[in-house]
Amino acid sequence: MSTTVLPDYSGGGIVNLLHSIGVACGAAPAHPAYAQCHALPAVQLAAARSIVCIVIDGLGEQRFNAQHPNACDCPNLARHRLGGLTSVFPSTTASAVGAYMTGLAPAQSALTGWRMYLQEIGQTLAILPLTPRCEVAKHTPAELPPLLFDHPSFFSRLQRTSVVFSPRAIAGSPFNVWHTRGAEVIAYGRADEMFAGLVERMHAPGPPRYLYAYWGDLDTAAHQAGTESELARATLAAFDAAFGRFLADAAGSDAWIVASADHGFIDAPKERLIALDEHPDIVGLLERPLCGERRVAYACVAAAQRAEFAAKLRQRFGHALHLHHSADLIAAGWYGNAPAHPKLASRIGDFALVMKDDWTIVDWQPGEKRHDMIGVHGGISAAEMRVPLIATRL
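These notes cover the structure that comes with them. Once a new chain begins, its residue numbering starts again from 1 and follows that chain's sequence as written. Residue-level local features of this predicted model are given only where pLDDT is at least 70; pairs of side-chain atoms are given and counted only at 80 or more, and the full residue set underlies all totals for whole chains, interfaces and linings. In computing side-chain values, all of the structure's heavy atoms are included and hydrogens and water are not.

Let's talk about the overall build of the protein
The number of helices and strands found in the protein is 16 helices and 18 strands. Its C-alpha atoms give the protein a radius of gyration of 20 Å, within 12% of the compact-globule value 21 Å for 394 residues. Along the longest, intermediate and shortest principal axes, the C-alpha atoms of the protein span 65 × 45 × 35 Å. Using a 1.4 Å probe on the protein chains alone, a residue whose accessible area is under 20% of its type maximum counts as buried, one over 50% counts as exposed, and one in between counts as partly exposed. Expressed as a percentage of the 394 residues in the protein, the buried residues total 57%. Whether two residues touch is decided by their heavy atoms; if any such pair falls within 4.5 Å, the residues are in contact. Taking as baseline every contact in the protein between residues at least 6 positions apart, the subset at least 24 positions apart corresponds to 76%. Per-residue accessibility takes into account occlusion by the displayed protein chains alone, with areas from the Shrake-Rupley method and a 1.4 Å probe. For the protein, the exposed surface amounts to about 15,000 Å²; the carbon and sulfur share of it is 56%. Neither His nor the chain termini are counted; the positive set is Lys and Arg, and the negative set is Asp and Glu. By convention, the charge on Lys lies at NZ, on Arg at CZ, on Asp at CG and on Glu at CD. The averaged location of the 36 negative side-chain charges in the protein is 3 Å from the averaged location of its 32 positive side-chain charges. Secondary structure elements follow DSSP: runs of H or I no shorter than four residues count as helices, runs of E no shorter than two count as strands, and numbering proceeds from the N terminus. As a reference, a globule follows 2.2 Å times the number of residues to the power 0.38, and the radius of gyration itself is taken over C-alpha atoms.

Comments concerning the sheet that holds strand β2 (residues 81–86)
Strands belonging to one sheet form pairs held by backbone hydrogen bonds; the direction of such a pair is parallel or antiparallel. Spatially, the seven strands line up as an open sheet ordered β2-β18-β9-β1-β8-β6-β7, and their pairing is mixed. Looking at strand neighbours, the two that pair on one side only are β2 and β7 (184–188), the edges of this open sheet. Looking at each pair of strands side by side, their axes are set apart by 20 degrees on average, direction ignored. Inspection of the sheet shows strand β1 (residues 50–56) paired to strand β8 (residues 209–215) by seven bridges, in the parallel sense. Directly across from Val55, in β8, lies its bridge partner Tyr214. Contacting β1, β8 and β9 (255–260), helix α4 (residues 93–102) crosses the sheet at an angle of about 165 degrees to β8. Should DSSP find at least two bridges between two strands, the strands are regarded as paired. Angles run from 0 to 180 degrees between N-to-C directions of axes, and those axes are lines fitted to C-alpha atoms, restricted for helices to the stretch in contact.

Notes on α4
Here α4 lies mainly inside the structure; ten of its ten residues are buried. Every buried residue of α4 is accounted for by Thr93, Ala94, Ser95, Ala96, Val97, Gly98, Ala99, Tyr100, Met101 and Thr102. Taken from the residues just after α4, Gly103 is the one with a positive phi, measuring 80 degrees.

Thoughts on the environment of Ala48
Position of Ala48 relative to the elements: it lies in the loop between α2 (42–46) and β1. With 207 residues separating them in the primary sequence, Ala48 and Ala255 have C-alpha atoms 5.0 Å apart. Ignoring sequence-local partners within four residues, the contact set of Ala48 consists of Arg160, Asp254, Ala255, Trp256 and Arg393.

Section: the environment of Arg81
Relative to the assigned elements, Arg81 resides in strand β2. For Arg81, a relative accessible area of 30% puts it in the partly exposed group. When neighbours within four sequence positions are excluded, Arg81 is seen to be in contact with Glu61, Phe64, Pro388, Leu389 and Ile390. Engagement of the side chain of Arg81 in a polar contact is seen with the side chain of Glu61, the distance being 3.1 Å. Under this definition, polar contacts are N or O atom pairs within 3.5 Å; protein pairs additionally need one hydrogen-donor-capable and one acceptor-capable atom, and for neighbouring residues in sequence, both atoms have to be side-chain atoms.

Concerning the pattern of salt bridges
When charged atoms on two side chains of opposite charge get close, those side chains can pair. The term salt bridge refers to a pairing of a side-chain nitrogen on Lys or Arg with a carboxyl oxygen on Asp or Glu at a separation within 4 Å. Inspection of every chain in the model, using the stated rule, returns 25 salt bridges. In this structure, the salt-bridge partner of Glu120 is Arg347, at a minimum N-O distance of 2.8 Å. Taken together, the positions of Glu120 in the loop between β3 (115–118) and β4 (123–126) and Arg347 in helix α15 (residues 344–347) put the pair 227 residues apart, joining distant regions of the chain. Judged by its relative accessible area of 32%, Glu120 is partly exposed. A salt bridge links Arg272 to Asp358; the nearest nitrogen and oxygen atoms lie 2.3 Å apart.

Points about the pairing of β1
A large share of β1 lies buried, amounting to seven of its seven residues. Taking every second residue as pointing to the same face, both faces of β1 are buried, with Ser50, Val52, Ile54 and Ile56 on one and Ile51, Cys53 and Val55 on the other. Of the pairings in the sheet, the one linking β1 to β9 comprises six bridges and is parallel in character. In the sheet register, Ile51 faces β9, and the bridge partner there is Trp256.

Digging into the nonpolar core
Ranked by internal contacts, the top residues of the largest apolar core, which has 89 residues, are Ile54, Leu198, Tyr212 and Phe246. Broken down by element, the residue count for this core peaks at seven residues, all from helix α11 (residues 230–249). The residues contacting Leu198, other than those within four sequence positions of it, are Val52, Ile54, Phe165, Leu211, Ala213 and Phe246. Take the buried Ala, Val, Leu, Ile, Met, Phe, Trp, Tyr and Cys residues and link them wherever side-chain atoms come within 4.5 Å; each set so joined is a nonpolar core.

Here we look at the side chain of Arg294
Relative to the assigned elements, Arg294 resides in the loop between β12 (291–292) and β13 (296–299). The side chain of Arg294 is buried and forms no salt bridge, while Asp372, the nearest opposite charge, is found at 6.0 Å. A distance of 2.9 Å separates a polar atom in the side chain of Arg294 from the backbone oxygen of His371. Ignoring anything within four residues of it in the chain, the contact list for Arg294 reads Leu273, Met355, Trp359, Thr360, Ile361, Val362, Trp364, His371, Met373 and Val376.

Digging into the packing of helix α9 (residues 191–203) against α11
Packing of α9 against α11 brings their axes to within 10 Å, and their N-to-C directions diverge by 15 degrees. In terms of their interaxial angle, α9 and α11 are classed as roughly parallel. Taken as a pair, α9 and α11 cross one another with a handedness that is right-handed. On α11, the residues touching Ala191, Asp192, Met194, Phe195, Leu198, Val199, Met202 and His203 of α9 are Phe239, Ala242, Phe243, Arg245, Phe246 and Asp249. Here the term charged refers only to Asp, Glu, Lys and Arg, the term nonpolar to Ala, Val, Leu, Ile, Met, Phe, Trp, Tyr, Cys and Pro, and the term polar to all other amino acids, Gly among them. By residue class, the composition of the contact of α9 with α11 is ten nonpolar, one polar and three charged. An angle below 35 degrees is read as roughly parallel, one above 145 as roughly antiparallel, one from 65 to 115 as roughly perpendicular, and any other as oblique. For any helix crossing, the convention is left-handed if the near helix is rotated counterclockwise from the far helix by under a right angle, and right-handed if that rotation is clockwise.

As structure tokens, then:
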């Protein structure tokens, strides 16, 4: 049985890291208030002219355990590791990178996973590209952000000049544009280009600044080939080498360099994938297809059918998943501190299917192109929830 970890919002999570950065950059307090990061308080960060935050998508803390077989893949990052943090719930990019770009926990951003049912438009969308799963789009992606989001970007709240370095493929996407308001956005191709841009801004004269950079290649490699694949290892090793060169080039710039991640990973074997569409008696109880992730799925069920749905899920799949009433997870603080966003409840349905061990779940729709996914995340295993905190003062 794998170790489970719940998100820490009291001082040991990525939301707390963002609060430290926000206070250091003069941000107005958010509501509700979250504690600063215990390991890196604002008073330390504020002393530097530049604060640099690098998000390495998919880099779990377990990679830095001395017993990990591939711990040697990232010696430059490991040399500056202060410890670890937790991700948010669910431990997935939409929710966790959403935290980096808003400064908010999912309870306040209402960003709840890759697929989200959005009551205001009556459709389920993949939230990052803002595209529907198996339907004709009612709106273009460019039209959607003001309809769906009412939170300010993190950068718009800061008193420091902000610059965002984003991969060229997503820099101009409507989701990204909405969530980088208040910052200058620089699109890049390779990690070396990202680091060169950071060094240029760090050495440039001018007022104190906040530089944010997102790198997603490790996440892509782990999804496609697995967390310990040669592709994932080589991808991380190349980034680590570039990070080492970056620290040398940025020397003397009066900066705090902070690097962390949005989530970690596990590998999911095909034989432990539940294809819910093969169980029509259960699918027939759903009001709409599942939302969320393969590791945390949300089910909407009419009130009259909920007892039957819960009984069948627990009887048939109790070995593979924990079935929770979604409202209970809000009340227990899995998504963050109260009060929660008024849209949160509608976006996580009636039940949350939190997968055990390395189990996953999908419900393929008619005509939908099926695809394998070796590396997965979103759940509450330690491997998915724990991310490193890497920091050094130049």
